[in-house]
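Residue-level listing of the chains:
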Amino acid sequence: MRLRSLVPLIYILFLMLPIYWLLAMSFKTTNEILGGFSLFPQRWTLANYQAIFTDPTWYWGYINSIIYVSLNSIISLLAALPAAYAFSRFRFLGDKHLFFWLLTNRMAPAAVFALPFFQLYSAANLFDTHLAVALAHCLFNIPLAVWILEGFMSGIPKELDETAYVDGYSFPRFFITIFIPSIKAGVGVAAFFCFMFSWVELLLAKTLTAVEAKPIAATMTRTASSAGYELGLLAAAGVLTIIPGAIVIYFVRNYIAKGFALGRV
Amino acid sequence: MKTENQRAWIFVLPVLILVAFNALVPLMTVVNYSVQETFGNNQFFWAGLRWFEEILQSERFHAALGRQLFFTFTILIIEIPLGVAIALAMPRKGLWVSVCLVLMALPLLIPWNVVGAMWNIFTLPKIGLLGWTMNNWLGIPYNMTVSPVAAWITVIMMDVWHWTSLVVLLAYAGLISIPEAYYQAARIDGASNWSVFRYIQLPKMKRVLTIAILLRFMDSFNIYTEPFVLTGGGPGNSTTLLSIDLVKVALGQFDLGPAAAMSLIYFVITLAVSWLFYTLMTRNEQ
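In this text the structure is predicted, and so the values were computed from the model without any measurement.

Looking now at the overall build of chain B. Scanning chain B from terminus to terminus reveals twelve helices and three strands. In terms of principal-axis extent, the alpha carbons of chain B reach across some 75 × 70 × 30 Å. Here the contacts in chain B between residues at least 6 apart in sequence split such that 67% fall between residues at least 24 apart. In the structure as shown, chain B presents an accessible area of about 13200 Å², 68% of it carried by carbon and sulfur atoms. Here chain B contributes 16 positive and 14 negative side-chain charges, whose respective centroids are spaced 11 Å apart.

What follows is the structure, given as C-alpha cells:
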C-alpha cells in the first residue's frame, strides 16, 4: 500500500523537474546562467520579468493570445452546443458519418495546412486578426467540444425535454434556461479543453499573424532569434505562459477527469 | 431511444460551415498543388500523379516515415501502460486527488514551443539540470547536439513528460466510474488483484483507453513544434519526423507540389490507421 502511493508522487516529481528548472532560470541573471551550473539562483533578480512587463511587444503577446483563445472558446461552444444536442437526441441522415468526419479533422497535420490556411485567410482579408486565429482553431476545437458535450447531454434523460414541452416552453427558452444549466459541468469541461488546445497551438497561430495579433509563444521564438540567446528572458516568458493554464485547471479540477469519460466512442 | 428527425441538420449547420471552411478549402488547395508543378511567378503546370510516385519511391520519405512510426509506437508503448499504472495507484478520494490532478494536468497546458524550449534548457550539457547531472555527476556523456541516441531519448522522454498525464486523466476517469459493488463482489469471490484488473478494471476502461490511444496516435503522428524546437530534427536527420521533413520541403525548399503530395499521403495513412483502430475497438458495441 505504501509503495503504491509513492507512484503518483514520483511521477509528479518527474513532471515538476523541468518546470522547476525553467522557474529557477527565470530568476537568474544572464551572466549567472552562462557562468556555470547552480541549483538555486545565487542572486535573485526580477529583471527578466520587469523586461517583459515594461515592453509592449512582450505583454501585447499575452493579451493577443488571451483574446483569440477566449474568442475561439466562445465560438466553438456556441456552434457545438446545438450540434451536440442534435447528435445526442436525434437520428438523421448521415449522422454517424458526419460525427466521424468531424473527428478526422483532428488528424490532419497542422504542418500540412499551414500554407493553405495562410492563403485562405489572406484572401478573406482576415490575416493578422484575432478572429483569423480563433476561426482556424475551430478546426480541431469544435469536433472536440461536440464530442464532450454530446457525452454530457446523453446523460440527461429525454424526459426533461418532454416535460418542458408539456409545460409550454418554446425550444429556445427550454434550451437556454433549463437544458444548458443542467449540463453546466459539461460546458465547463468543453471550455477547458478548447482553451487548452487553442492556448498551446502555435504553428497555425504563428502562420496567421504578423504584428497585430501575434501570440506570445511566437514573440518568444522571434525575440530569441533576434536578440541573441537571452535564456533568462526566455525562461521568464515561458513561466508566464504556464500561469493562465494553471489558473484554468484549478477552476475545473473536479471535472477534468470526467470530461472524456462521458464522451462516446 | 433517439427519434428520427431530419431537421436536426439545422442544429448541425453552424458546426458544418465552420469546420468545412477550415477543413475543405485548405484540403482542396493541397490536392490542387499535389498534381501541379510550379516554377514560381504563380505559373502552374499539370503534373499528374508524378509527385505521388516520386514520394512513394523516395528513400527520404521512407526514412522519415520509419522514424515517425518508431516514435509513435515507442511513446504509445510507454505512455499507455504507464498512464494506466499511475491511474491505478492514485487515491480515489480526498484533497490529495485534486492536488494530483492539478499538478498532472499542468504539462498539458504549456504551449508546445515552450515545452520544447524548456526541455532544451533542461538538457543543456553545461547549464541544464539533467544535462549537468548526467555529464558531471553521473559521468555519463550526454549531449543532444552530438549524439543521435541522446537526441532520441530526450525527444521520447519529453513526449512522455508532456502527454502521459492525458492517459492518466482518461484512465482515472474510467476507473472512478466503476461502482464499489463490483469490487465487493470480487472480494467475496476471493479474486486476486490481477483478476480484478483483468476482468473488472480493464474492460471498464476500454472506452476511455480507446480514446486515449486514438488521441495519442493522431497527435504524436502529427507532432511538429516540440521536437523541432528541441532538436531541430538533428543531429543530422536523426530526429527529423514526418512533419518536420514536410515543412522542410514545403517552406524550406518551396517545393509545393511534392510537399502537397506528401501531406496527402501522410493524411491518408493517419486516417486509415485511426479508422481501422476505431472500427476494431467499437465493433462489439453495435
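On we go.
Residues and elements named next belong to chain B. Applying the stated criterion to the full structure yields five salt bridges over all chains. For glutamate 79, the salt bridge identified is with arginine 216, shortest N-O distance 2.9 Å. Of this pair, glutamate 79 sits in helix H3 (residues 59-89) while arginine 216 sits in helix H9 (residues 193-221), placing them 137 residues apart in sequence. Under the relative-accessibility criterion, arginine 216 is labelled buried at 1%. Sharing partners across several salt bridges, the network here consists of Glu79, Asp159 and Arg216.

What follows is about empty space enclosed by the protein. Considering all chains together, one arrives at four cavities of 30 Å³ or more under this definition. Looking at the largest cavity, it is lined by 21 residues, and the ones nearest its centre are A:Ala110, A:Glu201, B:Trp112, B:Asp219 and B:Asn222.

Residue and element names in this part refer to chain B. Note on placement: lysine 126 falls in the loop between helix H5 (112-123) and helix H6 (129-137). Lysine 126 gets classed as exposed once you look at its relative accessible area, which sits at 70%. Note: C-alpha distance between lysine 126 and asparagine 143 (17 residues apart in sequence) is 9.6 Å.

Each partner contributes residues to the interface: chain A has 92 residues there, and chain B has 95 residues. Among the elements that take part in the side of chain A that touches chain B, helix H1 (residues 2-26) of chain A stands out by supplying 15 residues, more than any other. Here the residues of the side of chain A that touches chain B are counted per class, giving 72 nonpolar, eleven polar and nine charged. When strand S1 (residues 90-91) of chain A meets strand S1 (residues 3-4) of chain B, the two strands line up parallel, connected through two bridges. Of the residues in S1(B), the one forming a bridge with A:Phe90 is B:Thr3.

Moving on, we get to the packing of aromatic side chains. Any pair of aromatic rings gets described here by the distance separating the centres and the angle formed by the planes. Per the stated rule, a full pass over the model turns up 32 aromatic pairs over all chains. Judged by centre distance (6.4 Å) and plane angle (55 degrees), the rings of A:Tyr20 and A:Trp21 are tilted. A centroid spacing of 6.0 Å and a plane angle of 80 degrees characterise the contact between A:Tyr85 and A:Phe90, whose relative ring orientation is edge-to-face. Positioned over the ring face of B:Tyr199 is B:Arg198, at 5.1 Å from the centre of the ring.

Let's shift gears to the confidence of the model for chain B. Residue and element names in this part refer to chain B. Across chain B, the average pLDDT comes to 83, with 95% of residues at or above 70. Of all the helices and strands in chain B, strand S3 (residues 44-46) carries the lowest mean pLDDT, 71, while H3 carries the highest, 91. Taken together, the chains of this predicted complex give a pTM of 0.85 and an interface ipTM of 0.84.

This paragraph deals with the side chain of B:Thr225. The topology assignment puts B:Thr225 in helix H10 (residues 225-231). A residue is classified by how much of its surface remains accessible, and B:Thr225, at 7% relative accessible area, is buried.

Thresholds applied
Residues numbered from 1 in each chain as written. Chains lettered and ligands numbered in written order. Predicted model: local features only at pLDDT ≥ 70, side-chain atom pairs only at ≥ 80, totals over all residues. Heavy atoms only, no water. Helix = DSSP H or I, 4+ residues; strand = E, 2+ residues; numbered from the N terminus. Contact = heavy atoms within 4.5 Å. Areas by Shrake-Rupley, 256 points an atom, 1.4 Å probe, with all protein chains shown as cover. Lys, Arg positive; Asp, Glu negative; His and termini not counted. Charge placed at Lys NZ, Arg CZ, Asp CG, Glu CD. Salt bridge = Lys/Arg side-chain N within 4 Å of Asp/Glu carboxyl O. Buried < 20%, exposed > 50% of the residue type's maximum accessible area, 1.4 Å probe, protein only. 1 Å grid on protein atoms, 1.4 Å probe; cavity = no way out; pocket = protein on both sides within 12 Å on 5 of 7 lines; lining within 4 Å. Points joined across faces, edges and corners; volume = space filled by probe spheres on them. Nonpolar A, V, L, I, M, F, W, Y, C, P; charged D, E, K, R; others polar. Pairing = 2+ DSSP bridges. Phe/Tyr/Trp six-rings, centres within 6.5 Å; stacked < 30°, edge-to-face > 60°. Lys NZ or Arg CZ within 6 Å of the ring centre and 35° of its normal. pLDDT = per-residue confidence, 0-100.

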